[in-house]
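# Examining the three-dimensional arrangement
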Amino acid sequence: LSCLTVVLVVLIRPLAALLSNDPDIHNLLYENRASLATMLFAMNLSVFLEKILVGMGKTKEVLIAGLVGSWLGQVPAVWLMLRYRHDLSSIYYGSALGYALMCALLTAIIFNTNWAEATTEARRRGRL
């Protein structure tokens, strides 16, 4: 994830050229590359953590963490950021905060998992 984030920050102009020929779009993405990279890093980390829990059969917990991260994290964070600054980076940073909240919840669930119980449950599901 870190390597991809660095690639995005360093190579934003060539990547922007894949999306549009408009130099204004290229400049907009270049100016907001740090906030975009932060948001994409947090989003991809949340997907990674979700996959761990889905693999453990904890889909209900993933749903709840996603709802909390989106509605109690992203929406208010973007709203607050836009009140402070009216630009694209506010949207990206607000979204990143929501994803960070979701990552914190997912990480807490993972670290508080009873692994012996999770192993037993996985074996039971594997027999079905």
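Residues numbered from 1 in each chain as written. Predicted model: local features only at pLDDT ≥ 70, side-chain atom pairs only at ≥ 80, totals over all residues. Heavy atoms only, no water.

## Comments concerning the confidence of the model for the chain
The criterion, for reference: Scored from 0 to 100, pLDDT records how confident the predictor is in each individual residue. Secondary structure is summarised from DSSP: a helix means a run of H or I of at least four residues, a strand means a run of E of at least two, and numbering begins at the N terminus for each.
Looking at the chain, the pLDDT average stands at 93 and 99% of residues meet or exceed 70. Across the chain, the secondary-structure element scoring lowest on mean pLDDT is helix H1 (residues 2–10), at 86, and the one scoring highest is helix H6 (residues 88–111), at 96.

## Some details on the nonpolar core
Inclusion rule: Only buried Ala, Val, Leu, Ile, Met, Phe, Trp, Tyr and Cys residues count toward a nonpolar core, and they belong to the same one when joined by side-chain atoms within 4.5 Å. Whether a residue is buried, partly exposed or exposed follows from its accessible area with a 1.4 Å probe, protein chains only, as a fraction of its type maximum: under 20%, in between, or over 50%, in that order. Note on contacts: a residue pair qualifies if any of its non-hydrogen atoms lie within 4.5 Å across the two residues.
Of all hydrophobic cores here, the largest spans 11 residues; its members are Leu-8, Ile-12, Ala-16, Leu-29, Leu-36, Ala-37, Met-39, Ala-42, Tyr-92, Ala-96 and Tyr-99. Every element with two or more residues in this core is listed here: helix H2 (12–19), helix H4 (33–55) and H6. Considering every element that reaches this core, the biggest residue donor is H4, with four residues. Filtering out sequence-adjacent residues up to four positions away, Met-39 remains in contact with Tyr-92, Ser-95, Ala-96 and Tyr-99. In this structure, Leu-49, Leu-53, Ala-65 and Ile-110 belong to the second largest nonpolar core, which totals 10 residues.

## Considering the side chain of Ser-35
In plain terms, the rule: Counted as a polar contact is a pair of N or O atoms within 3.5 Å, where, for protein atoms, one must be capable of donating a hydrogen and the other of accepting one, and residues adjacent in sequence contribute only when both atoms are in side chains.
With respect to the element layout, Ser-35 can be found in helix H4. Side-chain polar atoms of Ser-35 contact the backbone oxygen of Asn-32, separated by 3.0 Å. Excluding residues that lie within four positions of it along the chain, Ser-35 makes contacts with Ser-89, Tyr-92 and Tyr-93.

## Observations concerning the packing of aromatic side chains
Applicable threshold: Between the rings of Phe, Tyr and Trp (Trp by its six-membered ring), a pair exists once the centres lie within 6.5 Å; its type follows the angle of the planes, with under 30 degrees stacked, over 60 edge-to-face, and the other angles tilted. Only Lys NZ and Arg CZ are tested; either one counts as a charge over a ring when it is within 6 Å of the ring centre and within 35 degrees of the ring normal.
Taken as a whole and judged by the stated rule, the model has zero aromatic pairs. A cation sits over an aromatic face here: Arg-33 above Tyr-30, 4.0 Å from the ring centre.

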